[in-house]
Amino acid sequence: MNRKSFDFDLVSVTLYLVLVGLGWLTIYAVSSTGTGTGIFAPGTFHTKQLIWIGISLVAAWLVLLLDSRFIEAVSVLAYIVSIGLLILVLIVGKEVNGAKSWILIAGQQFQPSEFAKLATAMALAKYMSALNFSLKNPRQLAGALGIVLVPAIIVILQNDTGSALVFGSFLLVFYREGLHPLVPLFLFFLALVGILVLWSEAPGMVSLGIGVLAVAAFVFGFSRRFWGKWLSVVTLSAIFFVGFAYSVDYLVNQLAPHQQIRLKVWFNPNLDPQGAGYNVIHSKIAIGSGGVYGKGFLNGNYTKYRFVPKQETDFIFCTIGEELGWIGTTGVMVVFFLLLLRIRFLAENAKTRYARIYGYSIMLILFFHVVVNLGMTIGLIPVIGIPLPFFSYGGSSLLVFTIMLFLLINLFSYRVSVLGSKI
C-alpha cells in the first residue's frame with residue numbers, strides 16, 4: 001500500500017510531540033540540581049529519558065511504515081507473547097515497591113504489563129471486529145471478557161493492582177460496541193457503595209440508603225403489567241448491594257498490607273503522615289504552592305529538594321503544579337483532552353471496525369491513566385502507582401504509549417489512502 005508522508009494525521013503527531021517535550025522538561029526539572037546538571041549528564045533521569053524518547057521516535061517511524069493488514073494479522077500473536085511475558089514475570093520477575101512486575105531484557109528493566117495493555121487492545125479489536133460478532137451473543141461476550149480478564153488476573157497475581165485496574169477501562173469499549181448500558185451503571189454503583197462504606201465505616205447506614213433507593217426505584221418504575229418482575233429485580237438488586245456493603249471490610253482485609261493502608265489514608269492522609277500519607281500530603285502542598293502562575297521553571301523548592309518521593313514517576317504532576325501553577329496544569333490537561341478528542345475522531349472515522357475498536361481502547365487506557373494519576377496526586381483517588389502518559393519517567397511506559405498512538409495513526413492513514421479524506 002503506497003502512502004505519502006503527509007497522509008498521516010499531523011494533529012495527533014503534534015499533540016504527541018508537545019506532551020513528550022513537556023514531559024521531558026518536567027523530568028529535567030526533577031532530575032537536575034541547583035548547580036545546573038547538563039542535558040546529557042550520564043546516569044541522570046532526564047538523560048535516560050532522552051534516550052528513550054529517541055528510541056520511541058524511531059519506533060513510531062517504524063510503526064508508520066507497517067501495512068495496516070499486518071497490524072491486524074499480528075494482533076493475536078502479540079497477545080500470546082504478552083501473556084507469556086506476564087507469566088514469565090511471575091517466575092523470574094523483579095519485585096519493586098511490593099509488586100513483582102519487572103523483568104530484565106538486554107540489561108534493561110521492562111514492565112510487561114505495559115505491553116499487555118497494548119496487546120490486549122489489539123487482540124480485543126481483532127476478536128470483536130470478526131464478521132457477525134455481537135455482544136448479545138453470550139459466548140462471544142464471554143470470549144471478549146476472557147481476552148481482558150486473563151492478563152488482568154495475571155497482573156493481580158503480580159501484586160500490581162494499579163495496572164490491573166487499567167484493564168477495567170475496556171468495559172467502556174464494550175459499551176461503545178453495543179453492551180447494555182445497565183452493565184457499566186451496575187459496576188459504577190458497586191464501586192460507589194464500596195467507597196461510601198469505606199468513607200463512612202457504617203455499612204448499616206449505606207444499606208439503609210440502598211433500601212430507600214430500592215423503594216424509590218420500584219415506585220418510579222412501577223408498571224401494572226410487569227410489577228411482579230420489577231419487584232423481583234429491585235428486591236434482588238437491593239439484597240445483592242446490601243450484601244456487598246457488609247462484605248467490603250472482608251474484601252479490603254484480603255488486600256496486601258500496603259494496599260490496605262493506601263485505602264485508609266485516601267480518606268485520612270494524616271492517619272500516617274510520615275508513611276503512606278506522606279506523598280499525598282506533600283504533593284498537594286507542592287501543587288498548592290505554585291498558585292496561579294507557578295514559581296517558574298527550575299524554581300520549585302519542593303521539586304528541587306525532592307520533598308515528594310517518586311516525583312519523576314507517579315507524582316510528576318506535582319512538579320508541573322509547583323513550577324507552572326494553575327495556568328500550566330490547566331494547559332497540560334487541555335493538551336491531553338485535545339489528544340483524547342483527536343483519538344476519538346480517528347477511531348470514529350477509521351475505515352475498519354478493527355481500527356475503531358482499537359482506537360477506543362487506547363483512548364480509554366490513556367484517559368484512565370491521566371485521570372487516576374492526576375487524581376492521586378491531589379488526593380481524590382487512592383495511590384495505586386500508575387504513570388502519567390508521556391510525562392512520567394520510564395522507558396516501558398513511554399515506548400508502549402508511543403506505539404499505541406502511532407498504530408492508530410497508521411490505521412487511520414489507511415482510510416486516507418482509500419477515501420482520500422484528511423480531515
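As a reminder, the structure under discussion sits directly above these lines.
Note that the structure is predicted; figures quoted are calculated from it, not measured. (Residues numbered from 1 in each chain as written. Predicted model: local features only at pLDDT ≥ 70, side-chain atom pairs only at ≥ 80, totals over all residues. Heavy atoms only, no water.)

Here we take up the overall build of the protein chain. Counting its regular elements, the protein chain contains 18 helices and three strands. Rg of the C-alpha trace for the protein chain: 23 Å, near the compact-globule value of 22 Å for 423 residues, within the 12% margin. Here the C-alpha coordinates of the protein chain stretch approximately 75 × 60 × 45 Å along the principal axes. The burial tally for the protein chain puts 49% of its 423 residues in the buried class. Restricting to contacts in the protein chain with at least 6 residues of sequence separation, those with at least 24 account for 70%. Of the roughly 20,500 Å² of accessible surface on the protein chain, 70% is carried by carbon and sulfur atoms. Charge-centre separation for the protein chain: the mean point of 28 positive side chains lies 9 Å from the mean point of 16 negative side chains. (Helix = DSSP H or I, 4+ residues; strand = E, 2+ residues; numbered from the N terminus. Rg over C-alpha atoms; globule rule 2.2 N^0.38 Å. Buried < 20%, exposed > 50% of the residue type's maximum accessible area, 1.4 Å probe, protein only. Contact = heavy atoms within 4.5 Å. Areas by Shrake-Rupley, 256 points an atom, 1.4 Å probe, with all protein chains shown as cover. Lys, Arg positive; Asp, Glu negative; His and termini not counted. Charge placed at Lys NZ, Arg CZ, Asp CG, Glu CD.)

With that settled, the discussion passes to the environment of Phe 406. Following the sequence through the fold, Phe 406 ends up in helix H18 (residues 395-419). Relative accessible area serves as the criterion here: at 5%, Phe 406 is assigned to the buried category. C-alpha of Phe 406 to C-alpha of Phe 8: the two residues are 398 residues apart in sequence and 9.4 Å apart in space. Aside from chain neighbours lying at most four places away, what touches Phe 406 is Val 13, Tyr 16, Ala 60, Val 63 and Leu 64.

Inside soluble globular proteins, nonpolar side chains tend to come together where they are buried. With 103 residues, the main nonpolar core has Leu 118, Phe 174, Tyr 358, Phe 390 and Phe 406 as its most contacted residues. No other element matches helix H17 (residues 353-377), which puts 15 residues into this core. Leave out the neighbours within four places in its chain, and Phe 390 touches Tyr 16, Leu 19, Val 20, Gly 23, Phe 336, Leu 339, Leu 366, Leu 398, Phe 401 and Thr 402. Membership of the second largest hydrophobic core comes to 15 residues, among which are Ala 214, Val 234, Phe 241 and Phe 244. (Core = buried A, V, L, I, M, F, W, Y, C linked by side-chain atoms within 4.5 Å.)

It is worth spelling out the side chain of Ser 163 at this point. Checked against the element boundaries, Ser 163 lands in helix H7 (residues 161-166). Engagement of the side chain of Ser 163 in a polar contact is seen with the side chain of Asp 160, the distance being 2.8 Å. (Polar contact = N/O pair within 3.5 Å; in protein donor to acceptor, adjacent residues only side chain to side chain.)

Each packed pair of helices is defined by two parameters, the angle between the axes and the distance between the axes. Where helix H5 (residues 112-128) meets H17, the closest approach of the two axes is 8 Å, and the angle between their N-to-C directions is 150°. Relative to H17, H5 is oriented so that their crossing is right-handed. For the pair H5 and H17, contact is made by Lys 117, Leu 118, Ala 121, Met 122, Leu 124, Ala 125, Lys 126 and Met 128 and by Arg 353, Tyr 354, Ile 357, Tyr 358, Ser 361, Ile 362, Ile 365 and His 369, respectively. Residues that form the contact of H5 with H17 fall into these classes: eleven nonpolar, two polar and three charged. (Axes fitted to C-alpha atoms, helices over the stretch in contact; angles between N-to-C directions. Left-handed = near helix turned anticlockwise from the far one by under 90°. Nonpolar A, V, L, I, M, F, W, Y, C, P; charged D, E, K, R; others polar.)

Now for the pattern of salt bridges. Counted by the stated rule, this structure contains eight salt bridges. Residues Glu 348 and Arg 176 are paired through a salt bridge, measuring 3.0 Å at the closest nitrogen-oxygen approach. A residue pair is termed long-range when its members are at least 10 positions apart, and Glu 348 in helix H16 (residues 317-348) and Arg 176 in helix H8 (residues 170-176) qualify at 172 residues. Here Glu 177 ties to Arg 356 by a salt bridge, and the two come within 2.8 Å at their closest N and O atoms. Placement of Glu 177 in the loop between H8 and helix H9 (182-200) and of Arg 356 in helix H17 is noted, with a sequence separation of 179 residues between them. (Salt bridge = Lys/Arg side-chain N within 4 Å of Asp/Glu carboxyl O.)

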